[in-house]
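Structural overview
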Amino acid sequence: MYQPDFPAVPHRLGLYPVVDSVEWIARLLEAGVRTIQLRIKDKSDDEVEADVTAAIALGRRYRARLFINDYWQLAIKHQAYGVHLGQEDLGTTDLDAIRQAGLRLGVSTHDDMEIDVALAVKPSYIALGHVFPTQTKQMPSSPQGLAQLAVHIARLKNYPTVAIGGISLDRTPAVLATGVGSIAVVSAITQAPDWHMATAQLLEMAGAGDERS
Ligand SMILES: Cc1ncc(COP(=O)(O)OP(=O)(O)O)c(N)n1
Ligand SMILES: Cc1ncsc1CCOP(=O)(O)O
Ligand SMILES: [Mg+2]
């Protein structure tokens with residue numbers, strides 16, 4: 001049963017680019033993306049606040065689902081659509097504050113035990129990674145692979161799910177065939193020779209997500 005303790009998201013979030021600048025947020029929303037994340041690493045709240053507020057304003061303008069990675073206090077302060085947190089963040093975050101502010105919550109997982117932890121939090125969606133090797137982030141664990149991803153999706157069949165890690169254009173059909181509702185990508189778009197064409201092709205395969213909720 002999907003009964004999150006945070007506001008629900010559509011079962012299928014579709015293409016979900018994870019990007020590190022307001023410029024990327026603006027061009028991807030203009031290109032038709034409707035689920036997106038601002039992921040800026042290793043800066044202070046003061047340093048990122050202007051970017052967070054600009055990204056949230058863009059998300060509103062396009063009626064998109066804009067998640068803020070890590071900076072949950074700023075996300076609450078400026079009323080983002082949602083927050084994405086890693087497992088190690090769960091113990092140090094005021095989850096009640098996120099819930100009471102009405103923000104959606106996405107949580108990262110890397111194995112069955114982490115899925116147990118995530119399910120206990122009852123987030124809006126669960127991210128599963130990393131599926132394939134990735135150059136974008138140093139990962140302490142090994143890639144899960146498609147077979148393991150499919151096992152997790154079967155377990156979470158009523159939950160909105162997001163696959164992340166090494167998802168390229170070529171690999172997208174096989175990832176979507178597991179039944180996952182969303183693919184989160186960084187380099188497939190930001191390192192593409194033609195980001196606009198890559199985004200259009202990924203949107204064609206994964207969709208922009210179900211209706212807004
Ligand atoms: C959709 C999505 N899934 C996983 C992650 C990774 O989040 P996290 O574990 O918090 O690691 P960092 O991104 O903060 O390095 C994500 N950002 N988005
Ligand atoms: C942020 C993050 N979390 C798990 S893998 C990853 C990076 C994904 O980037 P790419 O799509 O370029 O492999
Ligand atoms: Mg994080």
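Residues numbered from 1 in each chain as written. Chains lettered and ligands numbered in written order. Predicted model: local features only at pLDDT ≥ 70, side-chain atom pairs only at ≥ 80, totals over all residues. Heavy atoms only, no water.

Under the annotation held in an unreviewed UniProt entry, the protein carries the name Thiamine-phosphate synthase and is attributed to Scandinavium lactucae. Taken from UniProt, the Sequence similarities (unreviewed entry) comment for the protein reads in full: "Belongs to the thiamine-phosphate synthase family." (UniProt positions renumbered as here; feature names shortened; annotations may be inferred.)

A look at the site of ligand 1
Taken together, 17 residues lie near ligand 1, and Q37, R39, K41, S108 and K137 sit nearest. Between ligand 1 and K41 there is a distance of 2.6 Å, counted from an oxygen atom to a side-chain nitrogen or oxygen. Contact between ligand 1 and D70: an oxygen atom at 3.2 Å from a side-chain N or O atom of the residue. For ligand 1, the protein covers 93% of the area, taking 420 Å² as the surface of the free molecule. Most atoms of ligand 1, that is more than half of them, are within 2 Å of grid points of the largest pocket. Broken down by class, the residue content of the shell around ligand 1 amounts to 7 nonpolar, 5 polar and 5 charged. (Near = heavy atom within 4 Å. Polar contact = N/O pair within 3.5 Å; in protein donor to acceptor, adjacent residues only side chain to side chain. Areas by Shrake-Rupley, 256 points an atom, 1.4 Å probe, with all protein chains shown as cover. 1 Å grid on protein atoms, 1.4 Å probe; cavity = no way out; pocket = protein on both sides within 12 Å on 5 of 7 lines; lining within 4 Å. Sits in = over half its atoms within 2 Å of the grid points. Nonpolar A, V, L, I, M, F, W, Y, C, P; charged D, E, K, R; others polar.)

Some details on the site of ligand 2
The local shell around ligand 2 consists of R39, H130, T134, T136, K137, M139, I164, G165, G166, V185, V186 and S187. Measuring from an oxygen atom of ligand 2, one finds a side-chain N or O atom of T134 at 2.6 Å. In this structure the site holding ligand 2 corresponds to the largest pocket. Tallied by class, the residues present in the shell around ligand 2 amount to 4 nonpolar, 6 polar and 2 charged.

Comments concerning the UniProt feature "binding site: 4-amino-2-methyl-5-(diphosphooxymethyl)pyrimidine" (unreviewed entry) in the protein
As recorded in UniProt, the feature "binding site: 4-amino-2-methyl-5-(diphosphooxymethyl)pyrimidine" (unreviewed entry) lies at Q37, L38, R39, I40, K41, N69, S108 and K137. Narrowing the list just given to those that line the largest pocket leaves Q37, R39, K41, N69, S108 and K137. Mapping I40 onto the fold places it in the loop between β2 (35–38) and α2 (45–61). The class of I40 is buried, set by a relative accessible area of 9%. Setting aside anything within four residues of it in sequence, one finds I40 in contact with D20, V48, D51, D70 and Y71. Summarising the element assignment, N69 is placed in strand β3 (residues 65–69). Judged by relative accessible area, N69 falls into the buried class, the value being 6%. (Helix = DSSP H or I, 4+ residues; strand = E, 2+ residues; numbered from the N terminus. Buried < 20%, exposed > 50% of the residue type's maximum accessible area, 1.4 Å probe, protein only. Contact = heavy atoms within 4.5 Å.)

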